[in-house]
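Residue strings, one per chain:
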Amino acid sequence: MSRKVTRRKFMAGTAAGAALATLKFPTPAIAQAAPFKIGLLTIKTGPLAQGGIQMEQGIGLFLKHKNNTLSGRKIEFISADTGGNPAGAKTKTQELVERDKVNVILGPLAAFELLAITDYVRDNKTPLISLAAAEDVTQRKANPFIIRPSATSAQCCHVMGDYAAKELKYKRAMTISEDFAFGYEQMSGFQRVFEDNGGKVVKKLWPPLVTPDYTPYIAQIQNVDCVFNGFAGSNPVKFMRAYADLGVKAKIPLLAGWTAMDDALLRSLGDEAAGTISVAWYSADGKTESNQRFVADMQKDYGVLPGGYTAGMYIAGQCVEAGIQLAGSKADDRTAFAEALHKVSLTDTPRGPVKFDHFGNVIGDVFVRKCEMKAGKPVNTVIKTYPGVSQFWTYDEKAFLANPVYARDYPPAKNLEH
Amino acid sequence: MNLWLTLAVNSISLGGLLFLLSAGFSLIFGLMRIPNLLHGSFFMLGAYLGVSALNWHINFWVAALLSALAMTLIGGLIERFLLRRLAGQELAQVLLTLGLSFIVADVCLMIWTGDPWQPATPEHLRGAVQVGTLFFPIYRLVILAVAIVIAIGLWLMIDWTRLGAMIRAGVDDAPIARVVGIKVSQLFTLIFSLGAALAAFAGVMGAPYLSVYPGLDFEMLPLALIVVILGGTGSLLGALVGSFLIGFLYNFGQAMFPDLAYVILFLPMLLVLVLRPQGLFGRAMP
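Student: Explanation requested: the overall build of chain A in the structure shown.
Tutor: For chain A, the helix and strand inventory stands at 13 helices and 15 strands. Computed over the C-alpha atoms, the radius of gyration of chain A is 22 Å, within 12% of the 22 Å expected from 2.2 N^0.38 for a compact globule of 418 residues. Counting only C-alpha atoms and orienting by the principal axes, one finds that chain A spans roughly 85 × 50 × 35 Å. Taken across its 418 residues, chain A has 55% of its residues classed as buried.

Listed below in structure tokens is the structure:
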């Protein structure tokens, strides 16, 4: 008997297989033999490529640690470059879902990309693990197929508001961030908690996303106890240098959100970063066992200190592993797998314990860090840990969700001065 | 009061940097009749080359000159072997520069990764001038000084040398210049290389305070474009005045009307295009 499989036979075989699958025949043995497919939506070209490359390194290292096998399932990994725009994200998602038939998608990076595909993954029942921060994806427009192991935009900023008011005893603050949704959501979260604890936000500045020189904004900073910045991408590097060069740093302390002081950004920074206090959901100096292995191997394989994008994808990989285990024989059923992902609870991840609320958003530790110079290089050191922070902070979930989503003017800033 | 003074000084120093960027752009536009959409890429690539040189502990000024030299070569090659093949087809040339700019961006991303690079301000140029309670970084004043030196050098070359006379002839009327025996195509190569070199030099000068990162090319290109449209193509004086005008509009516009930052930058350009299409100091195209 010939063992040769002709193309025609092969096609017929796959068609039959597909037919079987759609008829939901009980075929666990075959399903187990097939690899579990993970699709990554990343950005490898253009201005956002920095974060995209870091994401790919994170999941790459995790799969290497696990020898490409998660909970006994062989992994097939497919990476897709969205180009950093919503249309590209949509096209690549369709390819991953319809052509590659992936079991789960990791990514995308940017909030506007996530917003472009959230309805699509819901309609096509494809589980997705995202790092993008858009609040409503796990709040007013929660999607049962999405979990987020990183943080909402405001999740860390609530903590900063609390720390600035209670521990640093600041009374008057100014905020500065890019003029887009991620900036609004961060600054509003800070403002709300800071003002609820007796502080006042007296000025809010919104430079455009593309701002070659921040001097015109920094020149307006005066008569406040602190400045909270929420810059992202390469903007914090420019901003902090100008802040120091113009002599403001010597007078007014700088506070930062997680993207503005991410550990991966430290290699682009020098003296100007020293003294900055930041909040982050991941810190490279975290003491968990998995983090120490993760940081050591990132140094070994790529020669870099990893930041949130890399750690986030490593954790996303851990969630997939735990999800496969929880779903057991149903892991190939997309809906069952999405449900399993929501139930994932991990104790040892690079960021510490991770579990999810019923909207799929992480409940995890948030770190307050201070940047110090060590051997001529800036290093973030954790000075306080807020354990088990929820996206709703200490507010009541129902009351929180009854309000509109954080925006440029919501909650209204009552204490602005001119 | 302090705010206005800081903004005024910063406007002037940003104007200096913009002049370094747009002088070459203006000459290329004037002579070759094409907006060189690679100009932002020259700025970025030059800055990256400078940063790499600085990482080998080369002196800052030497690094800036080396980068300018490298870009002279690259600019010359692009003009001689790519743009020249499309001589006379201006739309095709513009598209070629656009296409190349994407290629340069991806090559830079491969070589220098997506991380932002910000070289330290050179040791001897650190510190700030303090006037009352006001701080002003010395480095930005140095940029201004360099821009002035280069502006004078370019002016001497264009207005007082034989080469300058040929360039002016080429800008005014290339066909007639050819008829009287000026090798305009050689001028093209020369000016294109010079423009690339100036942009690269500006990139290195700007790196310590703008930093270098993917996307810098397309942040700088529109600035060069508005400077030149405002000032008039092919006119050094136009590029100079346009640069400082944009420097002031940028700083004061962003501080006073942050929501209208772009309107304030681009509205004057629209007005000039409608009311005086040749720009403030440009001559009407024949």
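On we go.
Student: For this particular structure, what's the right way to read the overall build of chain B?
Tutor: For chain B, the count of helices and strands is 11 helices and 2 strands. In sequence order, chain B lays out its α and β elements as α-α-α-α-β-β-α-α-α-α-α-α-α. Taken against the 2.2 N^0.38 rule, which gives 19 Å for 286 residues, the C-alpha radius of gyration of chain B at 19 Å falls within 12% of a compact globule. Its C-alpha atoms give chain B principal-axis dimensions of about 60 × 45 × 35 Å. Split into buried and exposed, the 286 residues of chain B put 51% on the buried side.

Student: Looking at this structure, I do not really get the environment of D297(A). What am I missing?
Tutor: The residue D297(A) is located in helix α10 (residues 289-302) in this model. Along the chain, D297(A) and L61(A) lie 236 residues apart, while their C-alpha atoms are 7.8 Å from each other.

Student: What is the right way to look at helix α6 (residues 155-166) of chain A in this model?
Tutor: Since one α-helical turn is 3.6 residues long, residues separated by three or four positions face the same way. Helix length check: α6(A) (12 residues) gives 17 Å between terminal C-alpha atoms against 16 Å at 1.5 Å per residue, within 8%. Looking only at α6(A), the buried set comprises Q155(A), C156(A), C157(A), H158(A), V159(A), M160(A), G161(A), D162(A), Y163(A), A164(A) and A165(A).

Student: It is not clear to me how unusual backbone geometry should be interpreted in this structure. Could you clarify?
Tutor: Residue and element names in this part refer to chain A. With an omega dihedral of -5°, the bond running from G107 to P108 counts as a cis peptide bond. Mapped onto the elements, P108 comes out in the loop between β4 (104-106) and α5 (111-123). Here Y410 and P411 are connected by a cis peptide whose omega angle stands at -5°. Relative to the elements of secondary structure, P411 occurs in the segment after α13 (397-402). You will see that N67, though not glycine, has its phi angle at about 55°, which is positive. Checked against the element boundaries, N67 lands in the loop between α3 (49-65) and β2 (69-70).

Conventions we followed
Residues numbered from 1 in each chain as written. Chains lettered and ligands numbered in written order. Predicted model: local features only at pLDDT ≥ 70, side-chain atom pairs only at ≥ 80, totals over all residues. Helix = DSSP H or I, 4+ residues; strand = E, 2+ residues; numbered from the N terminus. Rg over C-alpha atoms; globule rule 2.2 N^0.38 Å. Buried ≥ 20, exposed ≤ 12 C-beta atoms within 10 Å, placed from the backbone. Expected span 1.5 Å × (residues − 1).

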